[in-house]
Amino acid sequence: MRLIVRILASCFVLLGLSGISLVSAQELAEEQVVKLLLRGKKDVVHPSAEGGDGRHWLRVTMLAPFNLDAQGNMVPSLASGFEKSADELEYTLSFYEDAVFSNGKPITASAVKEAWEWGVLSENLPGWGGLMSIFRKIEGMQAVSEGSSTDAEGLVVIDDHTLKIVLNERVIGWENALASYMAGVFDVSGDVDDIDYWRNPVVSGPYLFNWDPDTGAITLTQNPNWWGEPVTLERIEFQVVEDPQTRLIAYENGEVDVIKDLGDLLDQIKVSHPDELVAIPGVGFFYLAFNNQLEPTNDPHIRRALLHAIDRRAVFQALFPNHPLTDSILQTGTQCANPEFQISYDPDMARTELSQSGYGNAENVPPIRIQYWADINFWGRILTAYQQQWQDNLGLRVELFGVDNYDTPNFNLQRDSTAPTINDPSEALGVFAASDGANAAYQSFAASPELDALLDEANTLASTDTARCELYRQIEERLLLDETALIPQIGIPYNWVVKPYVQGLETSLNQDINWDQISILEH
Amino acid sequence: MKTQARSNNLWLDAFKRLVRNRMSMLALIIIVLIVLMAIFGPLLSPYDYTRQDLLNTNQGPSLEHWFGTDELGRDMFSRILWGARTALAVAFISQGISFGLGILLGSIAAYSGGWVDNAIMRFADILMSFPHLLLAIFVSATIRQPILKSFYGVYDRTGWDIFRNTVFIDYFIVFGALAAAGWPWAARLIRGQILSLREQDFVAAAQALGARHWQIIRAHLVPNAIGPIIVSFTAGFGDAMLAESSLSYLGIGIRPPGASWGAMISESLIGWRLHPHLVAVPGLVLAICVFAFNLFGDGLNDALNPRSKVR
Amino acid sequence: MLQYFIKRIAQLVPTVLGVIFITFSLGYFGPGDPLKHQLGERLPSDPAQLERLRKHYGLDRPFHVQFSSYIGKLARGDMGISIVVQSKRPIRDMLGKALRTSVQLGGAAALIIFVLGIPLGILAAYRKNTWLDYVIVSLAALLPTVPPFVLAPLLLILFVLQLKLLPASFGWAGLFDSRAILPLIILVIGPMLIVVRQTRNSIIEALTQDYVRTARSKGVLEHKVLSRHVLKNAMIPVLTSMGFIISGLLTGSLFVESIFGIPGFGKLIYDGLRAYDYPLILGTTLVGTLIILASNLLVDLLYPFFDPRVQFG
């Protein structure tokens, strides 16, 4: 059986265009410019290392083969469609034949291959893996990343507009990787190793990209060589302001049209601008990651004691009532997610665990060190509340660290977040349970070999198999309640705050913005 | 005997001048209140400054909580009292270390002269050319990690309970960083005082009469040099408090749940539009306190050095 | 004059070397493995590979060798590479860009401080112990007791949301953009106290001097007494406080630029600290110190114009 997936672009584009034209007859503003404020300056803007705010401009500048729509469906972007082999090991992509870079050069299959081969080079990747986190299963990619090969055998150029991708292992839902902003394509034949190239990179999308590495400001302007459907917005300006209140004041004062709130002011904005919030969906979540190589959290009893001794529900209700508390690794929106699952607050159970630990009682337990990075207002506050509860319920001493260096192995717990780009339990759980998962190295947590084996078993099952979800839920439960690799905190609390005259703004599981479909109304 | 009487008179005159200055008396009253607050406040306050009450967060001022409660439901008044302790401890100890080192090195330099003087003062010059707070930031950013690591090592080896507590390490690092930036100024001041006094007639006369070194120091140098030292010691208090709050704002000061006015401000900065009192109260107390110390420093200066009006 | 200038520069050399020595050795013995800082999250876990990298970066060499190679690099203008994520930007370039902004901001602030502070000080001195004196002196003393990170939100609410006079200040659109106003106000407030107080005190002192009394008794007009006799003498202590003012501006820029998102020198210090970007912390500290040294040198060179008793030589 040959599974054929072909996505029709035209209907989406037609829908989008009809929406815009309906409005434009009424009252389109003369100046089609959007100004947006973000937190956090970008030090690197190439797609393969992107993990944060870059996703919204990548969607319209350096196009990935596909995009996601608001519901999480894949829609064509650089590629018109793909075919998947029955064993789900081969993906054949068809690129648009008229696609050209902003310098006029045609976007061929080999240009895409070369851009990706540059993107996975280890020096171009961030610590959590970047593009490699989704492309590591492509045949030969590991060698290219390490620099021992320049040609990934798994990327086969069939002809100018067809690229075959060969995986060395089946990954359910791997096609999601093709809709990730990290797979964005740019012209790699320029001097891409020079930071100055990235001030005005040669792009593949409807907007040219202009970056000032000193201020972090980014301006998108229309690409005269754009090969797709015409776009309405003339210019999109991003600026960086670290302080959330200053961002909001600039917005309230009418100086900018869109701001991103990362949850800092959610409670405030829910009251002051409830109708201007556009919630950003996501299957990611925030958590405290345990280190099981370090005393005393190498003792699973201690980890379990810490897990059950804090009343997360009460803490969030009191401190950040609008934030979506989560108890799970698999978030709603990912297959096999179990919304019923809850982690209990049970001080008695926690005390029992403590007494069963190798330390016997709290007196003998060395202090527990937690790294929350520099976010004192949010995580500092939450952890201070936990600190009190650990002290009250267990008598344990917990120390909190804000600004520090990258010496993460020195901490028992650290605040982190993850969002599976390949939206499938194999990926979402693999980060924690697989022996080659990101957590084993980055957060110093090695899950047990049994869990690794269980994961391997589940990964071989077909996506329709009912046993699959049972296995994944079992893994999730053991990861949380038995091995306790992490303490889940909240889902994505991000929101766009958008002026009403910004017409048609939508966001997706990629947390991006559909700039190509937006227009500004007279206001 | 005669010099004793003379210096007694000087002190009395200075005291009278100080009392006559209404502004510095006001400042003194504030300072005494703050010191009393810092010493006795935490004992008398009805709440523990770290005690959280998640059901009563962000409350405005009330009879139960005079200054309201903070974002974790902790009593603001108790935290302000504890913050007074932190602020005074930081100011007093960092100034103490600065001046201790300064007096020691400054007088060694003045008395030895030659290459010792040269070496000490060159070193002081180098440190003084760093911007004050920048040096404190730099020192605390570089020494924090190694100090904490070696401290962990001590606990791992000894297993002694006192080494489990690393809270005072924070204070220690803040003191150290501020003192590292402060001592060269004290050293320069003291060296200058000693050198200029040595030139004075009565010291030369005493030397000619065969008085011993320490006699000269005790009888002449100490009473004469102590005025400017007290003035600049006090005047530095306000700056030290502000510097501590800045370090806390930058995340390299006192860590939670410790209470310092600077940390209280920066912990509440995100919600200042919803709960302005959480920023206003510690901000106001800090401002009053720094203002009082600066004012008192000025008054002391006027009283002790009636001719020079310059700090 | 030239000889004096050369001599002063020559005196600076050991100080600068000392500054570099202190920053370098604190970095060497201080925050742990420099390799960790160089590579950040990408540090390999294989010990053999680590050892190779140590050799590659020359980190296996003894302290004095590393120090002299660092000096050599500095002399060639190489301040190392920022380790923040992997932008691989030379710190020299980052500093150059940042200083371009900060020098404008700081220069304008210094100008305001002198242009506003000296007349206020003179006014307070001439109206000594009147309500005007009290108001000027206590305002100058009170305002700097509010830390910039409290002042910034207060001013934002007041000027932007309540009075609607100014735009919310973010970013840098040049010195003559209205967005520069709030940062300037906050930057000016701290060091202003020094100038007002210094001016006031030294003018009060100058007014009691014999030459002023003589001039007055001869019937010389008051504004001429002020400009000819009082000011010239009173400006010396103000000039001396230049180092403090620059130091205050540097520290102030750290807060102001990070709060308002101005891509300047202070923002770089802040970024370096937040990301624990050690080479950047080292570079900013070094340059901050050089700025102070340069301003002290400038003051020394300006002295003789104000005080005829000081001779070059």
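Residues numbered from 1 in each chain as written. Chains lettered and ligands numbered in written order. Predicted model: local features only at pLDDT ≥ 70, side-chain atom pairs only at ≥ 80, totals over all residues. Heavy atoms only, no water.

1. Considerations on the interface of chain B and chain A
If you look at the interface, chain B gives 31 residues, while chain A gives 37 residues. Of the roughly 3000 Å² buried between chain B and chain A on both sides combined, carbon and sulfur atoms contribute 50%. Remark: the boundary between chain B and chain A carries 2 salt bridges. Across the salt bridge formed by Arg273 of chain B and Glu252 of chain A, the nearest N and O atoms sit 2.8 Å from each other. When its residues are assigned to classes, the side of chain B that touches chain A shows 13 nonpolar, 10 polar and 8 charged. (Contact = heavy atoms within 4.5 Å. Buried area = accessible area lost by both parts, 1.4 Å probe. Salt bridge = Lys/Arg side-chain N within 4 Å of Asp/Glu carboxyl O. Nonpolar A, V, L, I, M, F, W, Y, C, P; charged D, E, K, R; others polar.)

2. Thoughts on a negative patch on the surface
On the surface, Glu27, Glu30, Glu31, Glu234 and Glu522 of chain A cluster together into a patch of negative charge. By the element assignment, Glu27 of chain A lies in helix 1 (residues 9-27). (Patch = residues over 30% accessible without salt bridge, like charges linked within 9 Å, V, L, I, M, F, W, Y side chains within 5 Å. Areas by Shrake-Rupley, 256 points an atom, 1.4 Å probe, with all protein chains shown as cover. Lys, Arg positive; Asp, Glu negative; His and termini not counted. Charge placed at Lys NZ, Arg CZ, Asp CG, Glu CD. Helix = DSSP H or I, 4+ residues; strand = E, 2+ residues; numbered from the N terminus.)

3. Some thoughts on helix 14 (residues 449-460) of chain A
Residue and element names in this part refer to chain A. Over its 12 residues, helix 14 extends 17 Å from the first C-alpha to the last, a length consistent with the 16 Å expected when each residue adds 1.5 Å. Along helix 14, the residues that are buried comprise Leu451, Asp452, Leu454, Leu455, Ala458 and Asn459. All buried residues of helix 14 fall inside an arc of 160° around its axis, so they share one side. Of the exposed residues in helix 14, those oriented more than 90 degrees away from the buried face are Pro449 and Thr460. Buried-residue contacts for helix 14 involve helix 12 (425-433) and helix 15 (466-482). (Expected span 1.5 Å × (residues − 1). Buried < 20%, exposed > 50% of the residue type's maximum accessible area, 1.4 Å probe, protein only. Arc of directions from axis to C-beta.)

4. Notes on the sheet that holds strand 14 (residues 285-290) of chain A
Residues and elements named next belong to chain A. The 5 strands are arranged 16-15-17-14-18 in an open sheet whose pairing can be described as mixed. Looking along the sheet, the strands with just one partner apiece sit at the ends: strand 16 (398-401) and strand 18 (486-491). On average, each strand axis in the sheet is tilted by 25° relative to the strand beside it, whichever way the strands run. Strand direction decides the pairing type here: strand 15 (residues 368-371) and strand 17 (residues 413-418), joined by 2 bridges, are parallel. Directly across from Gln371, in strand 17, lies its bridge partner Gln414. (Pairing = 2+ DSSP bridges. Axes fitted to C-alpha atoms, helices over the stretch in contact; angles between N-to-C directions.)

5. Comments concerning the domain arrangement of chain A
Residues and elements named next belong to chain A. Split by domain assignment, chain A resolves into domain 1 (2-240 + 495-520) and domain 2 (285-491). Contacts between the two partners involve 13 residues from domain 1, matched on the other side by 12 residues from domain 2. Summed over both sides, the interface of domain 1 with domain 2 buries roughly 1100 Å², with 52% coming from carbon and sulfur. Looking at the side of domain 1 facing domain 2, the largest losses of area belong to Arg170, Ile172 and Asn176, adding up to 44% of the total buried there. For the pair domain 1 and domain 2, the interface holds 1 salt bridge. The partner of Arg136 in a salt bridge is Glu427, and the shortest N-O contact between them spans 3.9 Å. The residue inventory of the side of domain 1 that touches domain 2, partitioned by class, reads 7 nonpolar, 4 polar and 2 charged. (Domains from an automatic or database assignment.)

6. Focus on the side chain of Asn124 of chain A
Residue and element names in this part refer to chain A. Tracing the chain through its elements places Asn124 in the loop between helix 3 (109-119) and helix 4 (132-135). Here Asn124 falls in the buried class, since its relative accessible area comes to 3%. A polar contact is formed between the side chain of Asn124 and the backbone oxygen of Trp118, at a distance of 2.9 Å. (Polar contact = N/O pair within 3.5 Å; in protein donor to acceptor, adjacent residues only side chain to side chain.)

7. Thoughts on the pairing of strand 8 (residues 162-166) of chain A
Residue and element names in this part refer to chain A. With respect to burial, strand 8 is a largely interior element, 4 of its 5 residues being buried. Two strands pair when backbone bridges link them, and strand 6 (residues 90-95) and strand 8 are joined in this way by 5 bridges, in the antiparallel orientation. Looking at strand 8, one finds that Thr92 is bridged to Lys164. Pairing of strand 7 (residues 155-159) with strand 8, which is carried by 4 bridges, proceeds in the antiparallel orientation. In the strand pairing of strand 8, Leu155 is matched with Ile165. Between strand 7 and the antiparallel strand that follows it, strand 8, lie 2 residues.

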